[in-house]
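Here's the letter readout for the chains.
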Amino acid sequence: MLGFIIQRLLQASLVMAVMSVIVFVGVYAIGNPIEIVIPPDATQEIRAETIKRFGLDLPLWQQYFIFLSNLVQGDFGRSFIYNTPVLELIAGRLPATLELVLISILTATLLGVSLGVYAGYRPHSWLARTIMALSVLGFSVPSFWVGLILILTFAVNLGWLPAGGRGEVIAFLGVDWSFLTPDGLAHILLPALNLAFFKLAMMIRLARAGTREIMLTDTIKFARAAGISEGRILRRHVLKLIAIPIITVFGLELGSTLAFAVVTETIFSWPGVGKLIIDSITVLDRPVMVAYLILTALLFVLINLTVDLVYALIDPRMRARGA
């Protein structure tokens, strides 16, 4: 097992090293931030001083190694626009993204599994057909369009909910949260619903497929023959057996939603990390862009590493093949 863990850690380190080169070169090739940061009427002396302060007068390979040496010490550099440490800037926006993602994923999972299990348990009922039609809609409609429809319906026409922003926040454990206040909860409802729509459809189909498969097995037939109630069969057999794939998908979707909530945050002006990266791309704030992409790559590498290790613990054949 130790050899398997070391092998996976080396692979993860290699992937991160390659990703750091790709991200750094890719971001530094898309434009010159000096044209945006410095006013057009600035003197040549100010321009030269700014370029030198940002280290942009150095060759690209030298800039990369300086970035790498700082990164090893946990320093992602300073933002060109905000003039603050990038890690501090991202950490300040992370709670907003985190609460939005957790609420949407938990809602999609709890609601999706319940509806999916019912659709698999009563596949020929009108309600099950309606649920499956809803899941097809969730896969087919782009999230930005759903977001615009939600704003148009609930904010503009009905006036029930705010169209954007985070609303009132309250500090808890040293971090500002909006879902703990009524105003913040009203602000988070529409973006969370928009973000959960696609995940809800996925969870419905996943739970339905698992339920249909298990309901046809001998285990369920024997349980019914033994006189076990239908409610107990669903709780103790069906839910238990479909839990493993659902937990796996939950973990992967949590990571991807955390990294790519960009569209929803932009549509609803949600002040999270996704909105920050869009703003940074607009003004070519390279340190923020590089840090965001590196942290996103690290997130997925850690998720895959964790999944590999869990699979190896569950199935010894994985360790034998990987060693």
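Position numbers for residues count from 1 along each chain, tracking the sequence in the order it is written. The model is predicted, so local features are restricted to residues of pLDDT at least 70 and side-chain atom pairs to those at 80 or more, both for listing and for counting; the totals for chains, interfaces and linings are taken over all residues. The basis for every side-chain value is the complete set of non-hydrogen atoms in the structure, without hydrogens or water.

A look at the nonpolar core
Rules: In these notes, a set of buried Ala, Val, Leu, Ile, Met, Phe, Trp, Tyr and Cys residues joined through side-chain atoms within 4.5 Å is what counts as a nonpolar core. Only protein chains enter the calculation, and the probe is 1.4 Å; a residue is then buried if its accessible area is under 20% of its type maximum, exposed if over 50%, and partly exposed in between. Segments assigned H or I by DSSP are reported as helices when at least four residues long, segments assigned E as strands when at least two residues long, and all are numbered from the N terminus. Residue contacts are defined here by distance: any two heavy atoms, one from each residue, within 4.5 Å place the two residues in contact.
Judged by nonpolar contacts, the single largest core of 28 residues is most densely connected at Phe67, Val290 and Ile294. Contributions of two or more residues to this core are made by helix 1 (2-28), helix 4 (60-72), helix 5 (86-121), helix 12 (273-282) and helix 13 (286-314). No other element matches helix 13, which puts 8 residues into this core. Aside from chain neighbours lying at most four places away, what touches isoleucine 294 is Met16, Met19, Ser20, Val23, Phe67 and Phe76.

Focus on the pattern of salt bridges
Put simply, the rule is: By definition, a salt bridge exists where a carboxyl oxygen of Asp or Glu is found within 4 Å of a side-chain nitrogen of Lys or Arg.
Scanning all chains against the criterion turns up 3 salt bridges. For glutamate 99, the salt bridge identified is with arginine 166, shortest N-O distance 2.9 Å. Linking glutamate 99 in helix 5 with arginine 166 in the loop between helix 7 (143-157) and strand 1 (170-172), this pair joins segments that are 67 residues apart in sequence. According to the relative accessible area criterion, arginine 166 is buried, its value standing at 13%. Here aspartate 279 and lysine 275 are joined by a salt bridge, their closest N and O atoms 3.3 Å apart. Within this pair, aspartate 279 and its partner lysine 275 are both found in helix 12, separated by 4 residues, close to a single helical turn.

Focus: the side chain of asparagine 194
With respect to the helices, strands and loops of the structure, asparagine 194 is situated in helix 8 (residues 182-215). Setting aside residues no more than four positions away along its own chain, asparagine 194 makes contact with Ser143, Val146, Gly147, Leu150, Thr264 and Phe268.

As for unusual backbone geometry
Leaving glycine aside, a negative phi is the common case for residues, and trans is the common case for peptide bonds. Positive phi values are uncommon outside glycine, yet serine 269 reaches one of about 50 degrees. Using a relative accessible area of 41% as the deciding quantity, one classes serine 269 as partly exposed. Located in the positive-phi region is leucine 284, a residue other than glycine, with phi close to 55 degrees. Relative to the helices and strands, leucine 284 resides in the loop between helix 12 and helix 13.

Quick notes on the packing of aromatic side chains
Aromatic ring pairs are defined here through the distance separating the ring centres and the angle between the ring planes. Selection rule: Ring pairs are drawn from Phe, Tyr and Trp, using the six-membered ring of Trp, whenever the two centres fall within 6.5 Å, and their geometry is named by plane angle: stacked under 30 degrees, edge-to-face over 60, tilted for the rest.
Taken as a whole and judged by the stated rule, the model has 6 aromatic pairs. Ring centres 5.4 Å apart and planes at 70 degrees place the aromatic pair phenylalanine 24 and tyrosine 64 in the edge-to-face group. Of this pair, phenylalanine 24 sits in helix 1 while tyrosine 64 sits in helix 4, and the two are 40 residues apart along the sequence. Per residue, the accessibility class of phenylalanine 24 equals that of tyrosine 64, and both read buried.

Description of the packing of helix 9 (residues 218-225) against helix 10 (residues 230-259)
Each pair of packed helices gets described by two things: the angle between the helix axes and the distance between those axes. Spelled out, the test is: Here an angle of 0 to 180 degrees is reported between the N-to-C directions of two axes, which are lines fitted to C-alpha atoms, with helices fitted over the stretch in contact. In this scheme the handedness of a crossing depends on how the near helix is turned from the far one: anticlockwise by less than a right angle means left-handed, clockwise means right-handed. Under the scheme applied here, ten amino acids are nonpolar (Ala, Val, Leu, Ile, Met, Phe, Trp, Tyr, Cys and Pro), four are charged (Asp, Glu, Lys and Arg), and all others, including Gly, are polar.
It is at 11 Å that the axes of helix 9 and helix 10 come closest, and there the two elements cross at 145 degrees. Judged by the twist between their axes, the crossing of helix 9 over helix 10 is right-handed. Of helix 10, the residues touching helix 9 (which contributes Thr219, Ile220, Ala223 and Arg224) are Glu230, Ile233, His237 and Val238. Each residue belonging to the contact of helix 9 with helix 10 can be placed in one class, and the counts come to 4 nonpolar, 2 polar and 2 charged.

Considering the layout of surface pockets
The condition is simple: Using only the protein atoms, space was sampled on a 1 Å grid; points where a 1.4 Å probe fits but cannot get out form cavities, open sets with protein on both sides within 12 Å along at least five of seven lines form pockets, and lining residues are those with an atom within 4 Å of a point. Grid points are joined across faces, edges and corners, and a volume is the space filled by probe spheres set on the points.
Put simply, the largest pocket is a space of about 450 Å³. Forming the walls of the largest pocket are 20 residues, and the residues nearest its centre are Phe54, Gly77, Arg78, Phe80 and Pro287. Those elements that provide at least two residues to the lining of the largest pocket are helix 1, helix 3 (44-54), helix 4 and helix 13. Grouping the amino acids of the lining of the largest pocket by side-chain chemistry returns 11 nonpolar, 6 polar and 3 charged.

Things to note about the environment of leucine 110
Positionally, leucine 110 belongs in helix 5. Leucine 110 sits in the exposed class, given a relative accessible area of 62%. Each C-alpha atom of the pair leucine 110 and methionine 203 lies 8.8 Å from the other, and the pair is 93 residues apart in sequence.

Observations concerning a positive patch on the surface
Quick note on the threshold: Each patch is assembled from residues with relative accessible area greater than 30% and no salt bridge, linking like charges that lie within 9 Å and nonpolar side chains (Val, Leu, Ile, Met, Phe, Trp, Tyr) that lie within 5 Å. Note on areas: these come from Shrake-Rupley sampling with a 1.4 Å probe, and a residue is covered only by the protein chains present in the view. This count recognises Lys and Arg as positive and Asp and Glu as negative, with His and chain-terminal groups excluded. Charge positions come from single atoms, namely NZ of Lys, CZ of Arg, CG of Asp or CD of Glu.
Residues Arg232, Arg235, Arg236 and Lys240 make up a contiguous surface patch of positive charge. As for its position among the elements, arginine 236 is in helix 10.

Digging into the packing of helix 6 (residues 126-140) against helix 8
Heads up, the condition is: Orientation is classified from the angle alone, with under 35 degrees giving roughly parallel, over 145 giving roughly antiparallel, 65 to 115 giving roughly perpendicular, and any other angle giving oblique.
Between helix 6 and helix 8, whose axes approach to 8 Å, the crossing angle comes to 135 degrees. It follows that helix 6 is oblique to helix 8 by the angle criterion. The handedness of the crossing between helix 6 and helix 8 is left-handed. Residues Ile131, Met132, Leu134, Ser135, Val136, Leu137, Gly138 and Phe139 of helix 6 form the contact with helix 8, whose participating residues are Phe197, Phe198, Ala201, Met202, Ile204, Arg205 and Arg208.

Let's talk about helix 7
Helical geometry note: an α-helix holds 3.6 residues per turn, so side chains three or four residues apart project in the same direction. To keep things clear, this is the line we draw: To estimate how far a helix should reach, multiply one less than its number of residues by 1.5 Å.
Helix length check: helix 7, at 15 residues, gives a terminal C-alpha distance of 20 Å against a target of 21 Å (1.5 Å per residue), a fit within 8%. Those residues of helix 7 that fall on the buried side of the exposure criterion are Val146, Gly147, Leu150, Ile151 and Ala155. If you follow the buried residues of helix 7, they end up packed against helix 8 and helix 11 (262-267). Trailing helix 7 by a residue or two, glycine 159 shows a phi angle of about 70 degrees, which is positive.

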